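Spelled out from the first residue to the last, the chains are:
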Amino acid sequence: MTERKPPGVSFESWVEAQIARGMARGDFDDLPGAGKPLPRRSADETAYDWVLEKARQEDLDIGAMLPPGLALRKEREDLPVRVARLPSEAAVRAHGEDFNARVEQFWRRPQEGPPVVVAQVDVDELVAGWRAARPPAPPPPVVEPAPPPHRRRLFGWARRHSDRPG
């Protein structure tokens, strides 16, 4: 854990001292890209473009960087794929109802920028699509009836008692 900055020391000199100690320990040796220049951005590339490219390289969800309305629209597009992984109809319904509740909250907030139209999802349609995409349930296994247990007859007992007068 990083130590606390001592009182009376400027932030810059404290950070520089930590970096110098790390270099002396060899913490920065053998890092990927060591000794290579940073990649140059083209003149027409913006910081936003760079962030998107970096997020793609790191395999991050780009939808989290969108404004709320666009993020909801993207989520609505991806909803059938997301619910396809859910295990039950109840989970699909809950997911659809949660999405609709968040759309209602979005409608009630003041919008910044150009208006974005976000429609709610029909939960029954979502469930029907989930059912249609599911593989059919395998038929129940056919269980062969077990043969009746082999009963040994007690011939000696039956003979002994059959000789007796009734």
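Above this text you will find the structure in question.
A brief structural summary.

### Overview of a nonpolar patch on the surface
Piece 1. There is a patch of nonpolar side chains on the surface, built from Ile-19, Met-23, Phe-28 and Leu-31 and spanning about 370 Å² of accessible area.
Piece 2. As for its position among the elements, Phe-28 is in the loop between α1 (11-25) and α2 (47-57).
Piece 3. Looking at Phe-28, the relative accessible area reads 40%, which means it is partly exposed.

### Some details on the pattern of salt bridges
Piece 1. Tallied over the entire structure, the rule returns 10 salt bridges.
Piece 2. A salt bridge links Lys-74 to Asp-78; the nearest nitrogen and oxygen atoms lie 3.2 Å apart. Linking Lys-74 with Asp-78, this pair stays in helix α3 (residues 68-84), spanning 4 residues, or about one helical turn.
Piece 3. Take Lys-74: its relative accessible area is 36%, and that puts it in the partly exposed class.
Piece 4. Classification of Asp-78 by relative accessible area gives partly exposed; the value is 29%.
Piece 5. Note that Glu-75 is salt-bridged to Arg-102, the shortest N-O span being 2.5 Å. Of the two residues, Glu-75 is situated in helix α3 and Arg-102 in helix α4 (residues 89-108); the sequence distance between them amounts to 27 residues.
Piece 6. According to the relative accessible area criterion, Glu-75 is buried, its value standing at 13%.
Piece 7. Judged by relative accessible area, Arg-102 falls into the partly exposed class, the value being 28%.
Piece 8. Ionic contacts of the salt-bridge type, sharing partners, join the residues Glu-75, Arg-82, Asp-98 and Arg-102 into one network.

Scoring rules and cut-offs
Residues numbered from 1 in each chain as written. Predicted model: local features only at pLDDT ≥ 70, side-chain atom pairs only at ≥ 80, totals over all residues. Heavy atoms only, no water. Patch = residues over 30% accessible without salt bridge, like charges linked within 9 Å, V, L, I, M, F, W, Y side chains within 5 Å. Areas by Shrake-Rupley, 256 points an atom, 1.4 Å probe, with all protein chains shown as cover. Salt bridge = Lys/Arg side-chain N within 4 Å of Asp/Glu carboxyl O. Helix = DSSP H or I, 4+ residues; strand = E, 2+ residues; numbered from the N terminus. Buried < 20%, exposed > 50% of the residue type's maximum accessible area, 1.4 Å probe, protein only.

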